[in-house]
Amino acid sequence: LALMVAVEQTRCGFDSLLLEGHPTFSWLARDSSKPGRRQGGGVECWVAHASPDCAKRLLKSSRRRGGGGPRGVREEVARGAL
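Residues numbered from 1 in each chain as written. Predicted model: local features only at pLDDT ≥ 70, side-chain atom pairs only at ≥ 80, totals over all residues. Heavy atoms only, no water.

Considerations on helix H1 (residues 52-64)
Link 1 in the chain: The end-to-end C-alpha distance of H1 is 18 Å, a good match for the 18 Å that 13 residues give at a rise of 1.5 Å each.
Link 2 in the chain: When we look at burial in H1, the residues that qualify are Cys54, Ala55, Leu58, Ser61 and Ser62. The buried residues of H1 all sit within an arc of 135° when viewed along its axis, so they share a single face. Residues of H1 that are exposed and point over 90 degrees away from its buried face: Pro52, Asp53, Lys56, Lys60, Arg63 and Arg64. (Helix = DSSP H or I, 4+ residues; strand = E, 2+ residues; numbered from the N terminus. Expected span 1.5 Å × (residues − 1). Buried < 20%, exposed > 50% of the residue type's maximum accessible area, 1.4 Å probe, protein only. Arc of directions from axis to C-beta.)

Okay, here's the thing in structure tokens:
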């Protein structure tokens with residue numbers, strides 16, 4: 001599972017970060033650092049990939065609630081399941 005967010009320009013000293021053993025995220029990347037994807041107006045886009053355990057937990061929780069699929073997972077994330 002992946003999440004993309006647009007934020008005001010950050011001062012992060014990296015464009016990607018591998019998070020080994022993190023319970024929620026496995027990888028973060030500044031998508032707007034890729035050639036041809038720079039955003040205007042001081043906005044950056046970041047992509048966060050869920051860790052395998054987090055993805056399983058979200059999918060399982062979504063199925064239990066009868067949501068299932070991407071919409072159900074989105075609702076789980078919105079509820080603060082991360």
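A closer look at the pattern of salt bridges
Link 1 in the chain: In the structure shown here, the tally under the stated rule is 2 salt bridges.
Link 2 in the chain: Here Arg30 and Asp15 are joined by a salt bridge, their closest N and O atoms 2.8 Å apart. Note that Arg30 is positioned in strand S3 (residues 25-30) and Asp15 in the loop between strand S1 (2-8) and strand S2 (16-18), a separation of 15 residues in sequence.
Link 3 in the chain: As a salt-bridge pair, Glu44 and Arg30 come within 2.8 Å of each other at their nearest N and O atoms. Pair noted here: Glu44 is in strand S4 (residues 43-50) and Arg30 is in strand S3, with a separation of 14 residues, a long-range link. Comparing Glu44 with Arg30, the two get one shared label, buried. (Salt bridge = Lys/Arg side-chain N within 4 Å of Asp/Glu carboxyl O.)

Topic: the packing of aromatic side chains
The geometry of an aromatic ring pair is captured by the separation of the ring centres together with the interplanar angle, meaning the angle of the planes.
Link 1 in the chain: Applying the stated criterion across every chain yields a total of 1 aromatic pair.
Link 2 in the chain: Summarising the aromatic geometry, the rings of Phe14 and Trp46 are spaced 5.8 Å apart at their centres and angled 75° between planes, so their arrangement reads as edge-to-face. Taken as a pair, Phe14 in the loop between S1 and S2 and Trp46 in strand S4 lie far apart in primary sequence, 32 residues in all.
Link 3 in the chain: For Trp46, a relative accessible area of 11% translates into the label buried. (Phe/Tyr/Trp six-rings, centres within 6.5 Å; stacked < 30°, edge-to-face > 60°.)

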